[in-house]
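Below are the chains, spelled out letter by letter.
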Amino acid sequence: MPSHLLRGLRSALAVTALAAAGLAPAAAAAPAAQAAQLAARVDNPYTGAGVYVNPEWSARAAAEPGGSAVADQPTAVWLDRIAAIQGGPGAMGLRAHLDAAVTQAAGRPFVVQLVIYDLPGRDCAALASNGELGPTELPRYKAEFIDPIAAILADPAYAGLRIVNTIEIDSLPNLVTNAGGTATATPQCDTMKANGNYVNGVGYALGRLGAVPNVYNYIDAGHHGWLGWDSNLDPAVQLLHQAATSAGSTVADVQGFVVNTANYSALREPNFTIDDSVNGTSVRQSKWVDWNRYVDELGYAQAFRQRAVAAGFDAGVGMLIDTSRNGWGGAGRPAGPGPRTSVDSYVEGGRIDRRFQTGNWCNQSGAGLGERPAASPQPGIDAYVWVKPPGESDGASSRIANDEGKGFDRMCDPTYTGNARNGNQMSGALPNSPLAGHWFSAQFQELVRNAYPPLGGGSADSTAPSVPAGLRSTAVTASGVSLAWTASTDNVGVTAYDVYRGGVLVGSASTPAYSDSGLSAATAYSYTVRARDAAGNASALSAALAVTTSAGGGGGGSAGCSASYAVSSDWGAGFNANVTVTNTGTTATKSWRVTWSWSGNQQVTNLWNGGLSQSGQAVAVVDAGYNGAIAPGASAGFGFGASYSGANAAPALTCTATS
Ligand code: BGC
């Protein structure tokens, strides 16, 4: 194609994108055919997509001892000042990153992760990441930061990317807990609450960036150790909703929320739950949990999502969890629960998060790399992501002169004994740290040493096994489930599979099969599996399998069945699934019936090997005649295709049989 024609097409597309982004008059909107060339949003941008590896971070990581094991992980690009948009000598700007992302994408669906972080009066409850804009400089934030970013993101050259934005960390959560007459309030947060510039800045960013059709906005939602108390959670959801409906934004500009950004809260506390009690005293009353409603990020994130939907956000919103530095492995990791002598000894002995207090946030000693980035790891969670690039400091441990607007926060000083926001505990910070965002080699090396899941024991191999596929149940009783899946492949050999029930590791197997026992009758369970290799690399979790145990009782020639459900493909607007019906009784079935109720708007569009009736969310499927008879222990099944929008949670199935 002659180059002037190419330029003509590019500028026509540019007009389309700019109009869509609200950056050009609506009258300039281009024909629908051109608009259609822009990628439509999918429910979860991480599904089936590669994710951008920031070459600058990757090079720093690879240069560290042990760093090559993680240097190919995707991390976010932080736009933390106006100058970061252009970049400069030795620092890639936004266009350079997006151009590199297009190259890495090589035509595949591809996510690039940005952090939008330059609000006026930034970081109002701390000093380490104060920014360049003063509390009243909202006009500069709009004109010099958000508008230029929106214009670049709307360039049709990037229309094939899925651009995921983390929007303004810490700001709105600070207004919830650190402003307005609370014991933890700071004058700067009071100012930001009174002048409305956080709310209006976030609203403006959401609206402007959300107008670009291939942008996905996730608003920062703190972490469980900040907003997990009842008195904080709903006010936080309300405030985020207020921001999402301010300054030109609507809830349609919000695709989800990100939790634990640059923080250290554990993804899962494996050794206790919020529902445990010791000698009649709830875990909530322990010193560590201190009446919080959650003990970890997974529980918090899933609950936050539900509250957000209830408050008026789209039903399809998803959560991101920053797992870059919440691994808490290494020698200090407890192997099991603490002693049940008191609720405090139980929690203290078992907790993997080894901080002095969950309010500690700066360069935490003892932390490790967390779960490697993964798509759809748990229901409601769009991805585990590394937003904070491991190895980049949270703040300097002593005062360092700088021209970045960054102050000295004593929470980064290991000798500091704390304040009201961390319960007057020690800061837990590592010594000798550089300014926020600067490379902190000693911290990176500790994160690698304490990684959990661990990195390979000294092996140079960093290729993860393939994700286990075809997870299915091979036998189901009232108290147990047997699972099997297709073996994973790996360059150095798969050594083990870890099996998770409801997100909790229940056991490991060396072959692609596992039997889980001690379950309750007629109860729905969700299983996922990951593969590990000899070098310690782990695959992402498999797709979840929902299995309902059979009803109790039985014996004496009873008929019984169980049904399990597995999604075989999901393309965002529809999916295919297979249901396996297993005879759990002691005589052959003559007929069977499987029922469930969707939690969303799923609609079966075609079904094979069964007879369908669907009314609203209620679905019933009977056998097709020829597959009604199943011998004890054997299985039959059916499959279907369905459409949906929003969330696509696996339903709990009920199976009944006659004999
Ligand atoms: C700093 C930013 C930096 C980011 C990522 C923040 O704490 O304030 O300047 O880009 O961390 O490391």
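See the structure printed just above.
Residue positions are given per chain, counting from 1 as you read along its sequence in written order. A pLDDT threshold of at least 70 governs which residues receive local features in this predicted model, and a stricter bar of 80 or more applies before side-chain atom pairs are shown or counted, although totals over entire chains, interfaces and linings include all residues. Only hydrogens and water are set aside when side-chain values are computed; all heavy atoms of the structure are taken into account.

> I'd like a description of the overall build of the chain, backed by residues and values.
Per the convention used, a helix needs a DSSP run of H or I reaching at least four residues, while a strand needs a run of E reaching at least two, with both numbered from the N terminus. Along the chain, the regular secondary structure elements total 14 helices and 26 strands. Here the chain has a C-alpha radius of gyration of 26 Å; the compact-globule value for 659 residues is 26 Å, and the two agree. The C-alpha extent of the chain, read off along each of the three principal axes, is 80 × 70 × 50 Å. Only protein chains enter the accessibility calculation, which uses a 1.4 Å probe; a residue whose area is less than 20% of its type maximum is buried, one above 50% is exposed, and one in between is partly exposed. Burial statistics for the chain: of 659 residues in total, 54% are counted as buried. We call two residues in contact when some of their heavy atoms are within 4.5 Å. Contacts spanning at least 24 positions in sequence make up 73% of the contacts within the chain whose residues lie at least 6 apart. Methods summary: accessible areas were calculated by the Shrake-Rupley approach with a probe of 1.4 Å, and residue burial reflects only the protein chains presented. Split by element, the accessible area of the chain, about 24600 Å² in all, is 54% carbon and sulfur. With C-alpha atoms as the basis for the radius of gyration, the globule rule is written as 2.2 Å multiplied by the number of residues raised to the power 0.38.

> Describe in detail the state of the cysteines, supporting the description with residues and values.
When two cysteine sulfur atoms lie within 2.5 Å, the pair is treated as a disulfide. Using the criterion set out here, one finds three disulfides in the structure. Across the disulfide, Cys362 is cross-linked to Cys412 (sulfur-sulfur distance 2.1 Å). Negative torsions about the S-S bond denote left-handed disulfides, and the value of about 95° found for Cys362 with Cys412 makes this one right-handed. Highlighted residues: Cys362 in the loop between α13 (343-350) and β10 (374-378) and Cys412 in the loop between β11 (381-385) and α14 (441-449), separated in sequence by 50 residues. What makes Cys362 buried here is its relative accessible area of 0%.

> Kindly report on the site of the ligand, identifying the contributing residues and their values.
Each residue is tested against the molecule or strand, and it is near if at least one of its non-hydrogen atoms lies within 4 Å. Around the ligand sit Trp78, Asp80, Tyr117, Ser129, Lys388, Glu392, Lys406, Ala436 and Gly437, and those are all the residues in its vicinity. Throughout this description, a polar contact denotes any pair of N or O atoms lying within 3.5 Å of each other; where both atoms belong to protein, one of them has to be capable of donating a hydrogen while the other can accept it, and for residues adjacent in sequence the pair is counted only when both atoms sit in side chains. Within the contact set of the ligand, an oxygen atom lies 2.8 Å away from a side-chain nitrogen or oxygen of Lys388. For the ligand, an oxygen atom lies 2.5 Å from a polar atom in the side chain of Glu392. Protein contacts shield 93% of the accessible area of the ligand, which totals 310 Å² for the unbound molecule.

> Describe the pattern of salt bridges, naming the residues involved and giving the relevant values.
For side chains bearing opposite charge, pairing can occur when the charged atoms are close. Any carboxyl oxygen of Asp or Glu that lies within 4 Å of a side-chain nitrogen of Lys or Arg is treated as forming a salt bridge with it. This model, assessed by the stated rule, comprises 19 salt bridges. For Asp147, the salt bridge is made with Arg208, and the minimal N-O distance between the two is 3.3 Å. One end of the pair, Asp147, is in helix α6 (residues 138-153); the other, Arg208, is in helix α9 (residues 197-210), and 61 residues separate them in sequence. Residue Arg208 is classed as partly exposed on the basis of its relative accessible area, which comes to 21%.

> Help me get a handle on helix α11 (residues 230-244), residues and values and all.
Residues three or four positions apart in an α-helix share a direction because the helix packs 3.6 residues into each turn. Between the first and last C-alpha of α11 there are 22 Å, a value that for 15 residues agrees with the 21 Å anticipated at 1.5 Å per step. Where α11 is concerned, the buried positions are Asn232, Leu233, Ala236, Val237, Leu239, Leu240, His241, Ala243 and Ala244. Those residues of α11 that are buried lie in contact with α7 (171-177), α9, β5 (215-220), α10 (224-227), β6 (256-259) and α12 (297-310). How far a helix is expected to stretch is found by multiplying one less than its residue total by 1.5 Å.

> Now, about the sheet that holds strand β16 (residues 513-516): what can you tell me, with residues and values included?
Remark on secondary structure: sheet strands pair via backbone hydrogen bonds, oriented parallel or antiparallel. Pairing between strands is defined by DSSP: at least two bridges between the two strands are required. The three strands lie next to each other as β12-β13-β16, forming an open sheet whose pairing is antiparallel. Each edge of the open sheet carries a strand with a single partner, namely β12 (469-476) and β16. The mean inter-strand angle of the sheet, taken between neighbouring strand axes irrespective of direction, is 20°. Pairing analysis gives five bridges linking β12 to strand β13 (residues 481-486), with the strands arranged antiparallel. Paired with Ser473 across the two strands is Leu483, which belongs to β13. Axes, fitted as lines to C-alpha atoms, cover a helix only where it is in contact. Angles between the N-to-C directions of the axes lie from 0 to 180 degrees.

> Account for the packing of aromatic side chains, with residues named and values stated.
Remark: the centre distance and the inter-plane angle together describe each pair of aromatic rings, the angle taken between the planes. What counts as a ring pair is set by centres within 6.5 Å for rings of Phe, Tyr and Trp (its six-membered ring), and what kind of pair is set by the plane angle: stacked under 30 degrees, edge-to-face over 60, tilted for all other angles. In this structure the tally under the stated criterion is 20 aromatic pairs. With a centroid separation of 6.2 Å and an interplanar angle of 50°, the aromatic rings of Tyr565 and Phe640 are classed as tilted. You can see Tyr565 sitting in strand β19 (residues 561-570) and its partner Phe640 sitting in strand β25 (residues 635-643), a full 75 residues away along the chain. Taken individually, Tyr565 and Phe640 each receive the classification buried, so the pair is uniform in this respect. Here the aromatic rings of Trp598 and Phe640 are separated by 6.1 Å at their centres, their planes lie at 70°, and the arrangement is edge-to-face. Of this pair, Trp598 sits in the loop between β21 (591-597) and β22 (603-608) while Phe640 sits in strand β25; the two residues are 42 residues apart in sequence, bridging distant segments of the chain. We note that Trp598, like Phe640, is buried. Geometrically, a lysine NZ or arginine CZ counts as sitting over a ring once it is within 6 Å of the ring centre and also within 35 degrees of the ring normal. Above the ring of Tyr117, the side-chain terminus of Arg122 is found at 4.0 Å from the ring centroid. Its end group placed over the ring of Trp288, Arg351 keeps NZ or CZ at 3.8 Å from the ring centre.

Scope: geometric values only; no functional claims are made or implied.
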